[in-house]
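Fold and geometry: a report
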Amino acid sequence: MLLPTAPRVRLRSAVEPYIDTPFGPLAFATTIGSTVLPQLPDELFELPGDRTLARWVTPGATVELLTTPYDPELDPDTWGPLTGCRAAVWRIDATAPLGRVRFAAELPARLPEGVEAGWDGGQALAAVTLEDDTTRLTVGGNDEEAICGAALVGEAPRRWAALSDEVYDRSFSTWGVDFGHHHGMTWTLPPLEAGDHCELPVVAAWAPAADESENTWYAVMPSPTVLLRRVTAELGTRADASNAGRPAVAASSNHP
């Protein structure tokens with residue numbers, strides 16, 4: 001479960017979770033076996049700080065998707081400022097064996113005129129970058145190498161670490177990252193067993209196209225653990241701040 005202790009308000013009307021970008025909404029989809037989960041979640045919660053947490057419950061799994069603002073805190077002496085940056089953390093908890101699970105993050109199939117898109121991965125990062133005359137947008141997440149590494153830190157089943165040889169020999173692998181038409185990415189996971197979970201990050205960062213510091217590429221590299229730790233810290237700070245102005249109540253045996 002994502003952020004089990006975070007304050008939240010259940011929204012009566014569920015909406016499709018997405019990240020708004022300069023080139024259109026970055027939409028998300030989950031496929032389990034041959035079943036595509038509905039775009040509208042079973043439950044949608046509002047968290048402080050312009051965050052949402054969506055949840056789908058199926059007979060074989062629970063899927064959650066957190067969307068959140070994200071400040072990568074790039075060194076201003078090295079990187080130009082970003083115009084915007086938002087992140088998502090996707091999590092699946094398997095309650096039954098799952099042979100095929102796919103998770104996708106995709107921009108619209110028809111992009112605005114003048115936008116060029118291409119693969120931009122490397123260094124354990126799966127990424128695409130889209131650019132027109134004014135704006136550069138990078139969308140990034142785990143590549144196959146990072147998924148194997150995630151197995152060593154509790155973000156994925158530990159046995160997946162042994163799949164690292166398949167990262168470099170795609171001829172016999174049935175899992176990995178598909179970049180499609182470079183409008184986003186689809187992750188096909190190795191099989192999951194009952195009790196397994198997997199977390200995947202997606203980060204979208206955009207900046208002026210004239211900035212040549214590759215700031216958007218370096219902004220989209222955090223792991224789900226880093227993103228969740230940042231959200232937890234910010235929500236804790238927010239709670240501390242909201243309580244700071246409240247008068248203290250002294251303990252007393254006469255207090256009703």
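If you're wondering where the values come from, they're calculated on a predicted model, not measured in any experiment. Each chain has its residues counted from 1, running along the sequence as written. Only residues with pLDDT of 70 or above have their local features reported here, since the model is predicted, and side-chain atom pairs are shown and tallied only from 80 upward, although totals for entire chains, interfaces and linings are computed over all residues. Working from all heavy atoms in the structure, the side-chain values ignore hydrogens and water.

1. Considerations on the overall build of the chain
Spelled out, the test is: Runs of H or I in DSSP of at least four residues are treated as helices and runs of E of at least two as strands, each being numbered from the N terminus. C-alpha atoms define the radius of gyration, and 2.2 Å times the number of residues to the power 0.38 defines the globule rule. Accessible surface area values rest on a Shrake-Rupley calculation with a 1.4 Å probe, where residue burial reflects the displayed protein chains alone. His is not counted, nor are the chain ends, whereas Lys and Arg count as positive and Asp and Glu as negative. The location of each charge is read from NZ of Lys, CZ of Arg, CG of Asp or CD of Glu.
Within the chain one finds 4 helices and 15 strands. On C-alpha atoms alone, the chain measures out to a radius of gyration of 20 Å, which is about the 18 Å that the 2.2 N^0.38 rule sets for 256 residues. In terms of overall dimensions, the chain has a C-alpha envelope of 75 × 50 × 35 Å along the principal axes. A total of about 12,900 Å² of accessible surface is found on the chain, and carbon and sulfur atoms cover 52% of it. One way to put it: in the chain the 18 positive side-chain charges average out to a point 10 Å from where the 35 negative ones average out.

2. Let's talk about the sheet that holds strand β10 (residues 116–119)
Rules: Pairing between strands is defined by DSSP: at least two bridges between the two strands are required.
A sheet is described by the order of its strands in space; here 9 strands give the open sequence β1-β5-β6-β7-β8-β15-β12-β11-β10, paired in antiparallel fashion. Each edge of the open sheet carries a strand with a single partner, namely β1 (9–10) and β10.

3. Examining unusual backbone geometry
To keep it simple, the criterion reads: Burial classification: accessible surface area is computed with a 1.4 Å probe over protein chains only, and a residue below 20% of its type maximum counts as buried, one above 50% as exposed, and the rest as partly exposed.
The phi angle at Glu 73 is positive, at roughly 55°, despite the residue not being glycine. Relative to the helices and strands, Glu 73 is located in the loop between β7 (61–69) and β8 (84–94). Although it is not a glycine, Glu 214 sits at a positive phi angle of roughly 55°. With respect to the secondary-structure elements, Glu 214 resides in the loop between β15 (197–208) and α3 (215–219). Glu 214 gets classed as partly exposed once you look at its relative accessible area, which sits at 47%.

4. Points about the side chain of Glu 199
Rule in force here: Two residues qualify as a contact provided that any one of their heavy atoms is within 4.5 Å of a heavy atom in the partner residue.
Looking at the element boundaries, Glu 199 is found in strand β15. Those residues in contact with Glu 199 that lie beyond four places of it in its chain are Leu 2, Trp 90, Arg 91, Glu 155, Pro 224 and Leu 228.

5. Details of the confidence of the model for the chain
Which entries qualify depends on this criterion: The score called pLDDT rates the predictor's confidence residue by residue, from a low of 0 to a high of 100.
Mean pLDDT over the chain: 91, with 91% of residues reaching 70 or higher. Residue range residues 245–256 is modelled with pLDDT below 50. Its contacts to residues more than four positions away, or to other chains, number 1 contact.

6. Things to note about the packing of aromatic side chains
Where we set the bar: Aromatic pairs are defined between Phe, Tyr and Trp rings, using the six-membered ring for Trp, whenever the two ring centres lie within 6.5 Å; interplanar angles under 30 degrees are classed as stacked, those over 60 as edge-to-face, and all others as tilted.
One pass over the full model with this rule turns up 6 aromatic pairs. Considering the side-chain rings of Phe 103 and Trp 187, the 5.7 Å spacing of their centres and the 20° angle between planes classify their relative orientation as stacked. Here the residue Phe 103 occupies a position in strand β9 (residues 101–106), and Trp 187 occupies one in strand β14 (residues 184–188), the gap between them amounting to 84 residues. Trp 187 carries the same exposure label as Phe 103, and that label is buried.

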